[in-house]
Amino acid sequence: MASRLRILGCSGGIGKGLRTTSFLFDDDTLIDAGTGVGDLTVNQLRKVDRIFLTHSHLDHICSVGFIADAVGASRRRPITVYGLPETLEAVERHIFNNVIWPDFTRIPTRENPFVVLHPIHVGEPVRIGARSVTALPVSHSVPAVGYALDSGEGKLVYTGDMGPSDELWKAIRTLGPLHHLIIEASFENADRRLADLSGHLCPDTLVAELSKFEHREVEIWTMHQKPGTNAEIRSELERLGNLLKCAIPRDLIRDTTLVF
Ligand SMILES: [Zn+2]
Ligand SMILES: [Zn+2]
């Protein structure tokens, strides 16, 4: 069966109408847990059995604690949070520490808590029935991964936050045809230095990354733009696309759904 990915948030920051990164994979799996999660109803939140985190930055993890608090007591099973060991350690140490937030990895009991943390490793698929989620290597300012989502019928890749990387494209090449690629475009070209320093992309480096990718037949979407920069990033991408005669990615839009 085809899967659906609902875009709950795809902005690099907050502001009216903006939500930070979070996608709902069918109705039971979240990919990142940014502020967009807050638009789900309590019933929808209760159906979330697992959350895959790309990395430890707040714009991607802030709703993990809120979901546990909102629906932990009314669920029969814990919510499983997947991520690199470094990411989970950061969540445990800095969120579920009984200071910033209660330790829902031990509440109400150690044996049956609201949240279970489950480390993953790059290249090892987590199977969910006919579907799977596989971590992909990316380069960012903290340990981070992207994800390949497989519905059993089609594939989608989400890079998460990333700077230039050869490893990612090598891994993507082994996946075969993709339906969608969601890639970040955080900064304008004027802020390229900042993008390079912080492990992000701007239009110049994004187009250089896409040149490493055989991307016929795939829809390419950009996301994670810093608030207020969308229009400039869009016009820079269009200028580059026309100049280099390459496909111009489209902006991902909140509350739309991709099918794959
Ligand atoms: Zn980040
Ligand atoms: Zn981010």
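Residues numbered from 1 in each chain as written. Chains lettered and ligands numbered in written order. Predicted model: local features only at pLDDT ≥ 70, side-chain atom pairs only at ≥ 80, totals over all residues. Heavy atoms only, no water.

**Q** Quick rundown of the coordination of the zinc ion (ligand 2)? Include the residues and the values.
**A** Coordination of the zinc ion (ligand 2) by the protein comes from Asp 59 (OD), His 60 (NE2), Asp 161 (OD) and His 224 (NE2), over a distance range of 2.1 to 2.2 Å. Read in sequence order, the donor residues coordinating the zinc ion (ligand 2) give the pattern D-H-x100-D-x62-H. In this structure, the zinc ion (ligand 2) lies 3.6 Å from the zinc ion (ligand 1), and both are coordinated by Asp 161. Just as Asp 59 is buried, His 60 falls in that class too. (Donors = N, O, S within 2.8 Å, 3.2 Å for Na, K, Ca; no water. Buried < 20%, exposed > 50% of the residue type's maximum accessible area, 1.4 Å probe, protein only.)

**Q** So what's going on with the sheet that holds strand E11 (residues 180-184)? Which residues, and what values?
**A** With mixed pairing, the seven strands of this open sheet are ordered in space as E7-E8-E9-E10-E11-E12-E13. Two strands bound the open sheet, and with one partner strand each, they are strand E7 (126-128) and strand E13 (250-251). Two elements, strand E12 (residues 219-223) and E13, share two bridges in a ladder whose sense is parallel. By the bridge assignment for E13, Thr 222 is matched with Asp 251. Contacting E11 and E12, helix H6 (residues 203-210) runs over the sheet at an angle of about 145° to E11. (Pairing = 2+ DSSP bridges. Helix = DSSP H or I, 4+ residues; strand = E, 2+ residues; numbered from the N terminus. Contact = heavy atoms within 4.5 Å. Axes fitted to C-alpha atoms, helices over the stretch in contact; angles between N-to-C directions.)

**Q** Can you lay out H6 for me, pointing to particular residues and giving the numbers?
**A** For H6, the buried fraction is high: six of the eight residues fall into the buried class. Those residues of H6 lying buried are Pro 203, Thr 205, Leu 206, Val 207, Glu 209 and Leu 210. Looking at the buried residues of H6, the elements they touch are helix H4 (167-173), E11, helix H5 (192-198), E12 and helix H7 (230-244).

Bear in mind that shape data such as this cannot, by itself, settle questions of function.
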